[in-house]
Structure formats: C-alpha cells, structure tokens
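Coordinates in review
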Amino acid sequence: MVYLAIVSLIAGVLCAQFIFTPEISDLLIRLSDLVLYVLMISVGISVGMNKVVLRKLKEYNLTVLLIPVGIIIGSAAGGGLAALVLQMPLSTCVPIVSGLGWYSLSGVLVGDLIGAEAGTIAFLSNLLREILSFLLIPFIVRHFGPYTAIAPAGATSEDTTLPMMIKYTSEDVVVISVMNGVICSACVPFLINLSYQLFR
Amino acid sequence: MAVVIIMAAGTLIGYFLIPVRATERFGKFNSQFQLILVCILIFMMGVKLGSREDFLQELTQLGWKSLVLAAFPIVLSVALVYPLTKRFLGWHVRKEEE
C-alpha cells in the first residue's frame, strides 16, 4: 500500500512535469473531486459495515473511548505546536495532523481543501506518522504500557500498525486497537473539515 | 463539508443496506475499490504538484515540515493517552511482572 501510494505520487509528478500538457493536467485536477466523492461513499460504507465494533464498544464500556479522544486532542495540540515552530497557519497545520496517520485520505482531503502543497505535506507527514508508530510500538509498550502504544498509531491502529500490536500486546488490547482505529478513521474527514473551518 | 455528508450517507448504506453475511465478501471488494481510488487520487495530487514550476525547490522544505508535523502529534498523543489510560483503565507499566 505504502509503495503503491508513493509510486502513484511520483508518477503523477513526473507525468505533469514531462508528459501531460497543461490542458490534460487541468482536466485531471477537475475530475479529482468526483473520484473523491466516490471514495468517501466507499469509506462510509466500510465504517457503517462495522456493526461488531459498536457491539464490542458497549461490552468494554465507554472508558475505552478515552483513547481516541486523547489521540485526537493530543494530535491537534501537536499540530498547534508545529504551527508555532514552523511559522505556518493553524488552519493548515491542525487539519494536516488531523489525518491521524491515515495518509492516503488526509493527503487527498487536505489537498482538496487547502491546496496541493498542504496536501502533500499531509500525505508525507501522516505517512511518516505511520512508519514512526510502527517502529515505536515495541518501545512504548515496554515503557508506557500497551494501551498507550495505540496512541501514536492513531487511525492506523486498525490496519497497518495492527500487526505490531498483535505481536507486542495481548488480545484484548488488539480488540481495543481495532476499535480505536475505526473510531479515529471515522473522525478523520470530520476533523479535517472542522479544524479548517475553525482556524481559518 | 460535502465530503463529510457523503461519507455519512455511505455509513448509513453500510449499516442498513449491507446484510451482515455479505460484509466479509463485500468488505474485501470495497477495500480493493478504495485502494484503486486512492491511487488515482494520489496520482492526481502528484499531477497537481508537478504542474507547479518551482516544485523541486519546494521538496526539501516539504520534507522538513512533514517530519515536524508527524513527530509533534505522536509525542503529544502519547503524553495525553498515557496518563488517561493509567488513571481510567488501571494500566500500569508491568515491569515487575515480566
């Protein structure tokens, strides 16, 4: 998946630089909204099909919701701090970090909302978040406990970083990890839009 | 905001219209479908980026910003979730048990 995404990005850049005429590029850019809408229906369907997660959530009682809430607030605060350090507007940084590691979707959404440069930063930084989380999970499990290891993974704790969670934590933590991933993923589009409107 | 509304519509479809026994098969198809769409969209984003003339100059700057925007959220998420889980889920570092 990571490779496919990177190859797609590079291919797009190369095509625009060397192959496509500006007219073709313009046409493609205009079409991208339509593709995005189809994608969002599909993403919505995957969230909606997860009835098991809703059922499990009741079993575990609502305190596990603290994890996604903590991740979302912590990430937004991190975005605010990054905005200070990088001298970038909050209305760019907070939407970017609201991707919570879901680089493909956040890159596309931020790109659509703010611009191609912000979209690329969203893509790269969320990709880095995923890779760093992957590497950090064993360390965090050892020093901060297994639940906290879900925190860096954010929205990826249900898919890409899940193998690491399976390897380094127990089954009940894995279930919470999946639930966290589903909840965070469902929040990402909403958070990106909300934070952009809020800080604009 | 259109994106969120469309996603909500998709969520309702997924919840009410897809029968539980079909979720596994349809889920597989759906995630492959998403993969294709995402690749197309990222390709289009690449086109958007590559159409800018000073693109290569901006690249190193983008890398640095991306790193900062990845590291800070990770650190602060951990800093917030750790005390929360310790306090409410009663999870402590299990060094002694190991």
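Please read all numbers here as calculations on a predicted model, not as lab measurements.

1. Observations regarding the overall build of chain A
Looking only at helices and strands, one finds ten helices and zero strands in chain A. Going from N to C terminus, chain A has its helices and strands arranged as α-α-α-α-α-α-α-α-α-α. Taken over the C-alpha trace, chain A has a radius of gyration of 18 Å; the compact-globule value for 200 residues is 16 Å, and the two agree within 12%. C-alpha atoms of chain A, sized along the principal axes, occupy 55 × 40 × 30 Å.

2. Concerning the nonpolar core
Within the largest apolar cluster, 69 residues are counted, with the highest numbers of intra-cluster contacts made by Ile71, Leu100 and Phe123 of chain A together with Leu69 of chain B. If you tally residues by element for this core, the top one is helix 7 (residues 116-144) of chain A, at nine residues. Apart from the residues lying within four places of it in its own chain, the contact partners of leucine 100 of chain A are Ile71, Ile72, Ser75, Asn126, Arg129, Ala153, Gly154, Ala155, Thr156, Cys184, Val188 and Leu191 of chain A.

3. Observations regarding the confidence of the model for chain B
All names here are of chain B. Scored by pLDDT, chain B has a mean of 82; 90% of the residues are at 70 or more. Contacts of residues 92-98 to residues separated by more than four positions or lying in other chains number six contacts, the stretch itself having pLDDT below 50. On the interface metric, ipTM, the complex scores 0.84, and its pTM is 0.80.

4. Comments concerning the UniProt feature "transmembrane region" (unreviewed entry) in chain A
Residue and element names in this part refer to chain A. The positions UniProt marks with the feature "transmembrane region" (unreviewed entry) are residues 34-53, 65-88, 100-124, 131-153 and 173-196. The span residues 100-124 shows a helical share of 80% and a strand share of 0%, and its end C-alpha atoms are spaced 12 Å apart. Helix makes up 100% of residues 173-196 and strand makes up 0%, while its end C-alpha atoms are separated by 33 Å.

5. Section: unusual backbone geometry
Residue and element names in this part refer to chain A. Look at glutamine 87: it is not a glycine, yet its phi comes out positive at around 60 degrees. Mapped onto the secondary structure, glutamine 87 falls in the loop between helix 4 (66-86) and helix 5 (90-97). Even without a glycine there, the phi angle at leucine 100 is positive, about 50 degrees.

6. Topic: the packing of aromatic side chains
Enumeration according to the criterion identifies six aromatic pairs over all chains in this entry. With a centroid separation of 5.7 Å and 85 degrees between ring planes, the pair formed by tyrosine 103 of chain A and phenylalanine 123 of chain A is classed as edge-to-face. Of this pair, tyrosine 103 of chain A sits in helix 6 (residues 103-113) while phenylalanine 123 of chain A sits in helix 7, placing them 20 residues apart in sequence. When the centroid spacing of 5.0 Å and the interplanar angle of 80 degrees are considered together, the rings of phenylalanine 144 of chain A and tyrosine 82 of chain B count as edge-to-face.

7. With respect to helix 6 of chain A
Counting buried positions over the eleven residues of helix 6 of chain A gives nine, a clear majority of the element. With its phi angle positive at about 145 degrees, glycine 115 of chain A sits one or two positions after the end of helix 6 of chain A.

Cut-offs used in this document
- All chains use their own residue numbering, which begins from 1 and follows the written sequence.
- Labels are handed out in written order, letters beginning with A for the chains and numbers beginning with 1 for the ligands.
- With pLDDT at 70 or above as the cut-off, local features in this predicted model cover only qualifying residues; side-chain atom pairs require 80 or more to be listed or tallied, and sums for whole chains, interfaces and linings still use all residues.
- Water and hydrogen atoms were dropped before computing side-chain values, which therefore reflect all heavy atoms in the structure.
- To qualify as a helix, a DSSP run of H or I must reach at least 4 residues; to qualify as a strand, a run of E must reach at least 2; elements of each kind are numbered from the N terminus.
- For a compact globule the rule gives 2.2 Å times the number of residues to the power 0.38, and the radius of gyration it is set against comes from C-alpha atoms.
- Residues belong to one nonpolar core when they are buried, are Ala, Val, Leu, Ile, Met, Phe, Trp, Tyr or Cys, and are joined through side-chain atoms within 4.5 Å.
- Relative accessibility thresholds used throughout: buried, under 20% of the residue-type maximum; exposed, over 50%; partly exposed, between the two (1.4 Å probe, protein chains only).
- When checking whether two residues touch, look at their non-hydrogen atoms; a contact exists if any pair is within 4.5 Å.
- Every residue is assigned a pLDDT by the predictor, reflecting its confidence on a scale from 0 to 100.
- UniProt positions are given in the numbering used here, feature names are shortened, and annotations may be inferred rather than shown by experiment.
- Ring pairs shown here join Phe, Tyr and Trp side chains whose ring centres sit within 6.5 Å, with only the six-membered ring taken for Trp; geometry is labelled stacked below 30 degrees between planes, edge-to-face above 60, and tilted in between.

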